[in-house]
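Secondary and tertiary structure notes
Listed here are the chains, written in short residue letters.
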Number of protein chains: 2
Amino acid sequence: MTTANVSVEQNGAVMRLTAGGADHRFHAVWLRDNALDDATRAPGNGQRLITLGDIPAGTIVADAAVTGDEVAVTFAPEEKAVRFPLTWLQTHSYDQRPARAAGWLADDVQTFDAGLDAGAVTASFEEISLNQSALASWLGDVARYGFARLTDGPVTSGALLKIVDLFGYVRETNYGKWFEVRTEINPSNLAYTSLGLQAHTDNPYRDPAPTLQILYCLENAAEGGDSQVIDGFRAAQRLRDEDPDGFACLAAHCARFEYNGANGVHLLARRPMIELAPDGELIGLRFNNRSAAPITDVPFDEMERYYAAYRRLGEIIDDPAMAVSFKMAPGESFIVDNTRVLHARTGYAGSSGNRWLQGCYADKDGLLSTLSALRAA
Amino acid sequence: MTTANVSVEQNGAVMRLTAGGADHRFHAVWLRDNALDDATRAPGNGQRLITLGDIPAGTIVADAAVTGDEVAVTFAPEEKAVRFPLTWLQTHSYDQRPARAAGWLADDVQTFDAGLDAGAVTASFEEISLNQSALASWLGDVARYGFARLTDGPVTSGALLKIVDLFGYVRETNYGKWFEVRTEINPSNLAYTSLGLQAHTDNPYRDPAPTLQILYCLENAAEGGDSQVIDGFRAAQRLRDEDPDGFACLAAHCARFEYNGANGVHLLARRPMIELAPDGELIGLRFNNRSAAPITDVPFDEMERYYAAYRRLGEIIDDPAMAVSFKMAPGESFIVDNTRVLHARTGYAGSSGNRWLQGCYADKDGLLSTLSALRAA
């Protein structure tokens, strides 16, 4: 059992817990707001039953004591007594947070380059459909690498929806519940040609952009048409390490993206190419030469630096050392975290055979929820 | 016709356009990247056919001249000649952008408080279904105010989906394509009780959060159960004007939101309550006492200020001067921009009659696209 001590400081405004060799200070109002008792949190669904306005403004910790594995706390003026497990307090400590450089990543994110063994993030369609632990492992790869593959799926139109059914919900758009990726005569989008496509994230002109994309192969007899994925977080961090000012410049200003290619559709978004949380966590990348609209939100004096960083980011993304390449066979598919991992295809000769993929969008909330629930099961 | 002059400066790195009494400087690389010719932009769908890597690094403007309503520009070393309409250059000028205080809003956003005449943002379900100009007007209200109402809809389960069909696509979630809002015996969410609900945005524990929500009334015979909407942007700007440091503190740190109320569902997001674009545009609000998880991303020394601002923001949101209140009759509905407008309900006496709403989520990209296309038609 842990040796733990609590003391009350600053006339009750702060409680200090010393446990496991570390000090954890908590403000009285924070403790009261996060009380775990049944009058504060609904027992069944865990939702908070009170608002901050229900907590008196001058709330203090009147008394605090370690009792076994818990800390008993009494708040004044409410005269409310509650208990917090010691481990809960340690887990939720906000004292002494480490300083982190802009562009930091969450602990469970692992970046990759061409050295990633694509086989290590590849599972069998049938196995993840039947086996919950295989599904959890595959979803874990998507969460960690932002990319994973499937083999041995049915060569059937619409089969990609069965993948989404395993973890979440399709994001339907003007492209439909899913869309055909093959050569068209009058393409509404360059994706529907045999042109090579520079690595990109999809639909940056949409806000919110879809956070997941699946591409599923039904036919691939053409010469060329290989698939590539590039970790945009790795690329952004390379830029940061080479040129911190350029990285900061791309993050500090909004780009614009636009799609106006079909009747009745006009999509427009104003978002940065490199998106940081307020505390500098790297949380998103938008990169798409086809739909990049004129950038008009960068001050004149910074535009040169902005374009230099934009150019360098593109060079890093185009660097063969970054790309995981593969050619999909019918029944194979891959999924990317579209806020992070770019995908590309090499051009192909339409005359040499057919290439037919289907694509769809989905969102990470459902995937991460399913993953969390599977891990907890 | 406009009197216009162009000159080339800094050895071709910059072109200066003087037109309509204003100076507009453009960098050579920016002009080349945004060339409008058929080799740069695909004629049919307008997508860019080249990448920044296709543009030589040392690109300069070798020559520029006004010819009629256009500016003819020749780039070196490509020796590429293109033309830009004068009006296009003026529209896309990035020279001399105004400085704006954090929390600024896009020009087409208009904030509201209790003084908003709800009737002015109310349309007939049948009219917007049949009349494109009525639809454009109603969608324009959603874009401008983040809130609009409909009357005279069918009193039929699932009718709310017909509203979404008019402009976009449902965002399906673990709650379904749509969900029932009525008193349940073992509620997985406090929304499914007769409790009053403090004004909130929905699903802040989801990332991306749904950007639109529709609530549709099928039965409302209970005493109480009134609906309220509050403009979160107005509330955030009130906080900013009263307490700029508190506003900045809420924007500078991530809150956490969590939902763990049903089997197989565990949703968690780390996002700020007040979301700003990198250049300070106010673009989102997340506020929900029920699903607010312990805030652990605020440094100890700022937690007191953070909680004071959080409390004050809640007081502003609860201020009756902020709320537009109404009681929905069967067949009536409302839509909110869930990134901006909070909604609340007063408690009701379940014994006094039934209250039955249906809700669904959708996204703004489709709505704004439809609105833009209708306006252009």
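Above this text sits the structure in question.
Reference entry: report on the structure contained in this document. In this text, all values refer to a predicted model and were calculated from it rather than measured experimentally.

Here we take up the side chain of A:R340. Residue and element names in this part refer to chain A. In this fold, R340 is placed in the loop between β19 (333–337) and β20 (341–345). We classify R340 as buried; its relative accessible area is 2%. A polar contact of 2.8 Å, which involves the side chain of R340, links it to the side chain of D231.

Residues and elements named next belong to chain B. Packing of helix α7 (residues 244–252) against helix α8 (residues 300–318) brings their axes to within 9 Å, and their N-to-C directions diverge by 100°. On the basis of the axis angle, α7 is roughly perpendicular to α8. Packed against α7, whose contacting residues are D245, G246, C249 and L250, the element α8 presents E302, R305, Y306, A309, Y310 and L313 at the interface. Taken together, the residues that form the contact of α7 with α8 break down as 6 nonpolar, 1 polar and 3 charged.

Let's shift gears to the pattern of salt bridges. Per the stated rule, a full pass over the model turns up 58 salt bridges over all chains. The partner of B:E172 in a salt bridge is B:K177, with the nearest N and O atoms 3.4 Å apart. Residue classification places B:E172 among the partly exposed positions, given a relative accessible area of 26%. For B:K177, a relative accessible area of 41% puts it in the partly exposed group. Counted as one network, the salt bridges with shared partners bring together A:D207, A:R271, A:E275, A:R286, B:D207, B:R271, B:E275 and B:R286.

Residues and elements named next belong to chain B. Burial of the side chains of strand β5 (residues 70–76) is restricted to one face: V71, V73 and F75 are buried, whereas none of E70, A72, T74 and A76 on the reverse face is. Here strand β4 (residues 60–67) runs beside β5; their pairing, made up of 7 bridges, is antiparallel. Among the inter-strand pairings, V66 is bridged to a residue of β5, identified as V71. Linkage of β4 to β5, two consecutive antiparallel strands, is achieved through a turn of 2 residues, within which G68 is found at a positive phi near 65°. Note that β5 and strand β6 (residues 80–85) share 6 bridges and pair antiparallel.

Another point: the packing of aromatic side chains. Within the structure shown, the criterion is met by 32 aromatic pairs over all chains. When the centroid spacing of 5.3 Å and the interplanar angle of 35° are considered together, the rings of A:F26 and A:W30 count as tilted. Here A:F26 matches A:W30 in class, with each residue buried. Ring geometry for A:F287 against A:Y310: centres 6.0 Å apart, planes inclined by 80°, an arrangement best described as edge-to-face. In this pair, A:F287 sits in the loop between β17 (282–285) and α8 (300–318) while A:Y310 sits in helix α8, placing the two residues 23 residues apart along the sequence. For A:F287, a relative accessible area of 4% corresponds to the buried category. What links up through ring pairs into an aromatic cluster is the set A:F26, A:W30, A:F84, A:W88, A:Y94 and B:F300. Taking NZ or CZ as reference, B:R25 lies 3.7 Å from the ring centre of A:F300, over its face.

Residues and elements named next belong to chain A. Read across the sheet, 6 strands follow the order β7-β8-β19-β11-β22-β9 without closing on themselves; strand pairing throughout is mixed. Bordering the open sheet on either side are β7 (122–124) and β9 (179–181), each of which pairs with just one other strand. When strand polarity is set aside, the average angle formed by the axes of neighbouring strands in this sheet is 25°. Alignment of β9 against strand β22 (residues 355–362), held across 3 bridges, turns out to be antiparallel. Each bridged residue has a counterpart across the sheet, and for V181 the counterpart in β22 is L357. The strands touched by helix α4 (residues 132–145) are β7, β8 (147–151), β11 (212–220) and β19; relative to β8, the strand with the most contacts, the crossing angle is about 150°.

Attention now moves to unusual backbone geometry. For the bond from A:D207 to A:P208, the omega torsion is 5°, close enough to zero to count as cis. Counting through the fold element by element, A:P208 comes out in the loop between β10 (197–200) and β11. Residue B:P77 is reached from B:A76 by a cis peptide bond, and omega for that bond is 5°. Considering the arrangement of structural elements, one finds B:P77 in the loop between β5 and β6. The phi angle at A:Q10 is positive, at roughly 50°, despite the residue not being glycine. In this structure, A:Q10 sits in the loop between β1 (4–9) and β2 (14–19).

Our focus in this paragraph is the nonpolar core. Grouped together as the largest cluster of nonpolar side chains are 118 residues, with contacts concentrated most on A:M15, B:F147, B:F167 and B:I295. Here the element with the most residues in this core is α8(B); it accounts for 9 residues. Apart from residues no more than four positions distant in its own chain, A:M15 is found in contact with A:V6, A:S7, A:H24, A:R25, A:F26, A:L31, A:V61, A:A64, A:V71, A:V73 and A:L89. Formed by 117 residues, the second largest nonpolar core is a distinct cluster that contains A:L161, A:Y361, B:A42 and B:L89.

What follows is about the interface of chain B and chain A. Counting residues at the interface gives 85 residues for chain B, matched by 85 residues for chain A. Each partner contributes to the roughly 7000 Å² buried at the junction of chain B and chain A, and carbon and sulfur atoms together form 55% of this total. Across the contact surface, chain B and chain A share 12 salt bridges. Residue A:R271 is joined to B:E275 by a salt bridge in which the shortest nitrogen-to-oxygen separation is 3.6 Å. Here chain B and chain A share 35 residue pairs in polar contact (both at pLDDT 80 or more) between them.

Turning our eyes to something else, we now look at helix α6 (residues 232–242) of chain B. All names here are of chain B. Along α6, the residues that are buried comprise G232, F233, A235, A236, Q237, L239 and R240. Residues of α6 that are buried make contact with β13 (227–231), α7, β16 (274–276), β17 (282–285), α8 and β20 (341–345). For α6, the N-terminal cap is D231; the gap from its side-chain oxygen to the backbone nitrogen of F233 is 2.9 Å.

What follows deals with the relation of the copies chain B and chain A. Superposition of the two copies of the chain requires a rotation about an axis together with a shift along that axis. Of the transformation placing chain B onto chain A, the axial shift is 0.0 Å and the rotation is 180°, giving an RMSD of 0.0 Å. A rotation of that kind, with that shift, is consistent with a two-fold axis. Take the interface residues of chain B: 100% of them recur as interface residues in chain A, which is what a same-surface contact looks like.

What counts, and where the lines are drawn
- Residues numbered from 1 in each chain as written.
- Chains lettered and ligands numbered in written order.
- Predicted model: local features only at pLDDT ≥ 70, side-chain atom pairs only at ≥ 80, totals over all residues.
- Heavy atoms only, no water.
- Helix = DSSP H or I, 4+ residues; strand = E, 2+ residues; numbered from the N terminus.
- Buried < 20%, exposed > 50% of the residue type's maximum accessible area, 1.4 Å probe, protein only.
- Polar contact = N/O pair within 3.5 Å; in protein donor to acceptor, adjacent residues only side chain to side chain.
- Axes fitted to C-alpha atoms, helices over the stretch in contact; angles between N-to-C directions.
- Parallel < 35°, antiparallel > 145°, perpendicular 65-115°, else oblique.
- Contact = heavy atoms within 4.5 Å.
- Nonpolar A, V, L, I, M, F, W, Y, C, P; charged D, E, K, R; others polar.
- Salt bridge = Lys/Arg side-chain N within 4 Å of Asp/Glu carboxyl O.
- Pairing = 2+ DSSP bridges.
- Phe/Tyr/Trp six-rings, centres within 6.5 Å; stacked < 30°, edge-to-face > 60°.
- Lys NZ or Arg CZ within 6 Å of the ring centre and 35° of its normal.
- Core = buried A, V, L, I, M, F, W, Y, C linked by side-chain atoms within 4.5 Å.
- Buried area = accessible area lost by both parts, 1.4 Å probe.
- Least-squares fit on C-alpha atoms with pLDDT ≥ 70 in both.

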